[in-house]
Structures are given as C-alpha cells and as structure tokens.
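Now for the letters of each chain:
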Amino acid sequence: MLSFLLLIVVSVCILGCNSELPSHVLDLSTFKLQLPTNPAREIDTAALQSFSLPPYFYATNVSGSPAVIFWAQVNGTHTSGSEYPRTELSESGKPFQPTQGTNSMMVKEAIMHLPDKRPEVVCAQILGEGGPVLQVRMNGKNLVVYGDPSGDVPPLQENYVLGTPFTLEIVVEAGTIKIYYNSALKLSFPKSSGSGWYFKAGAYVQSNLSYDAPTAYGEVAIFNIKTVHA
C-alpha cells in the first residue's frame, strides 16, 4: 500500500514539481535534514545543497510561489528518542543558550495536509539537550503553541485553512521567548532553563500506526526560512 501511495505522489510530482533544487528556493546553508526513510537518514549541510527526494523533500510551486515540500508518512522510520516520523530541517551550527544573545527563526510556511485520525503536525520547534523546548503544532483545526509554562495559551490561529501561508517568527533573548504570527506578537514568556537549543522546521507528524493507517501523512510547504544568532 505504501509503495502504491509513493507511486501516486511521485507521479503527481512529475507533473507538478519544478526542476529546481530545494537549495535554490531556500537558504539551506545552516541546516541539515532528517528523513523518515527506512532506515532513517540525515543529510548533512554540504550534501543538502544538491539534494532532492520526492515525495519527501522537493521544490515546487504553491499558489504560484516557489516553495519546498516536506512530507512524512505515519509509518515512516523515526529518530531515536521519538515515536513519530519527520522530514525536518535542523540547525547544523553550534547550539545557542537561552540567556545569551538574540536568537531567532523566521519561517513562511503553509500546512498542506494532516494525518486522518490524529491530525497533528509540528511545523516549527526549538529542541534542547533535554528534549523539546517549544513546538508550534497544527492540532486538528487550530495552530497552537506547546511549551509556555503557564499552560493556558490561546491558539495562534483558530480554524486554520489548510494551504494558507503564514509567517512565524520565534525570538529567544535574555531568557524570554517571543512568538510573532503574521508580524503580530502573540506570545511572550520566560524560559531560561536548559542549554544547547536549536531551531527546527518542516513536517514532524504526531501520529504513527497506533493511530492512523499506513497511507496517512503530513505535509508542510516552506517558502522562506532564516535563522539569526547575534
């Protein structure tokens, strides 16, 4: 069944993908890529500059704009320490500390598809030495944030329409995390414990075969991404 799904997606890609590499659309010079292939793969920064692998990771056009697709099926292989598969960029440079300097990630993206029975995909996050620090996650119909110590956080976007582009900026400075959604400050909260933080973005599905059929998948389109450490 998975082979049949891959054939369909690849066929669609042949008709709809452009011939550009993802590195021609996004600046990937500070990232590596994690893939849910069997076995799981990690593409380092140098190799990523000439890498494309439909249906997991490829350049295309979304609503007339150049973008890179990140695709992960629920029965994909997951990394150690996780139950779920991902096609996800991860910063490849030196990790940052939450109390030192100004550290930010700006990403313009769109959630394109969700798993059927557990419709959750992380599209951006901060990971640290102790695990996830913050996640921006599509949870059913709402785009939400996990990681605020208060635990009482309104959604960034209620009733999000799949395929709608949005801009997300996460800023870490002086032990405080700020989250901007479409240029508006939505959240600001202190979080200074832990170390070795780094930004990630892509399609990290929060489902597996315990919840969904093997053909279920998550998909995210990224139009632009930039990290800054100053």
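About the thresholds
Counting from 1, residues in each chain are numbered in the order their sequence is written. Only residues with pLDDT of at least 70 are given local features in this predicted model, and only at 80 or more are side-chain atom pairs given and counted; all residues enter the totals for whole chains, interfaces and linings. The basis for every side-chain value is the complete set of heavy atoms in the structure, and neither hydrogens nor water enter the calculation. For this analysis, a nonpolar core means a set of buried residues of the types Ala, Val, Leu, Ile, Met, Phe, Trp, Tyr and Cys, connected via side-chain atoms within 4.5 Å. Any residue under 20% of the maximum accessible area for its type is buried, any over 50% is exposed, and the rest in between are partly exposed; the area is computed with a 1.4 Å probe on protein chains only. In this description, contact between two residues means that some pair of their heavy atoms is separated by no more than 4.5 Å. Only the six-membered ring of Trp is used, alongside the rings of Phe and Tyr, when aromatic pairs are assigned; centres must lie within 6.5 Å, and planes under 30 degrees apart are stacked while those over 60 apart are edge-to-face, with the rest tilted. Elements are defined by DSSP. Helices are runs of H or I of four residues or more, strands are runs of E of two residues or more, and each kind is numbered from the N terminus. We count a salt bridge whenever a side-chain nitrogen from Lys or Arg sits within 4 Å of a carboxyl oxygen from Asp or Glu. pLDDT measures the predictor's confidence residue by residue and takes values from 0 up to 100. Pairing between strands is defined by DSSP: at least two bridges between the two strands are required. Whenever a helix is involved, its axis is fitted only over the stretch in contact; in every case the axis is a line through C-alpha atoms, and angles between N-to-C directions fall within 0 to 180 degrees.

With that settled, the discussion passes to the nonpolar core. Among the nonpolar cores identified, the biggest contains 59 residues, and L134, V136, I170 and I177 are the most heavily contacted of them. The contact partners of V136, leaving out residues within four places of it in the chain, are V121, V122, C123, A124, L143, V144, V145, L156, L168 and I170.

Attention now moves to the packing of aromatic side chains. Taken as a whole and judged by the stated rule, the model has 8 aromatic pairs. Look at W71 and Y217: their rings are 5.6 Å apart centre to centre, the planes differ by 35°, and that puts the pair in the tilted class. Within this pair, whereas W71 is found in strand β4 (residues 65-73), its partner Y217 is found in strand β14 (residues 217-229), the two being separated by 146 residues in sequence. Its relative accessible area of 0% is what places W71 among the buried residues. The exposure class of Y217 is buried, given its relative accessible area of 19%. Between F96 and F199, the ring centres sit 5.0 Å apart and the planes meet at 35°, which makes this aromatic pair tilted. Pair noted here: F96 is in the loop between β5 (86-91) and β6 (102-113) and F199 is in strand β13 (residues 198-205), with a separation of 103 residues, a long-range link. In this structure F199 comes out as buried when scored by relative accessible area, which is 0%.

Going through the model one piece at a time under the given rule, you end up with 4 salt bridges. Residues R86 and E88 are paired through a salt bridge, measuring 2.8 Å at the closest nitrogen-oxygen approach. Both residues of the pair, R86 and E88, belong to the buried class.

What follows concerns the environment of A40. Residue position: A40 is located in the loop between β1 (31-35) and β2 (41-43). Given a relative accessible area of 34%, A40 falls into the partly exposed group. A sequence separation of 46 residues divides A40 from R86, and the C-alpha atoms of the two residues are 9.4 Å apart. In contact with A40, other than residues within four places in its own chain, are L35, T77 and H78.

A word on the environment of S104. Tracing the backbone through its elements, the reader meets S104 in strand β6. For the pair S104 and V228, spaced 124 residues apart in sequence, the C-alpha separation works out to 5.3 Å. The residues touching S104, leaving out its near neighbours within four places in the chain, are E169, I170, V171, F199, K226, T227 and V228.

Attention shifts here to the confidence of the model for the protein chain. Counting all residues, the mean pLDDT for the protein chain is 92, and 92% of those residues have values of 70 or more. Scored below 50 in pLDDT, residues 1-16 shows 16 contacts in the model against residues more than four places distant or in partner chains.

Strand order in the open sheet made by the 7 strands is β2-β1-β5-β13-β7-β8-β9, with antiparallel pairing throughout. Edge positions in the open sheet fall to β2 and β9 (142-146), since each of these has one partner strand only. Direction aside, neighbouring strands of the sheet carry axes that sit 15° apart on average.

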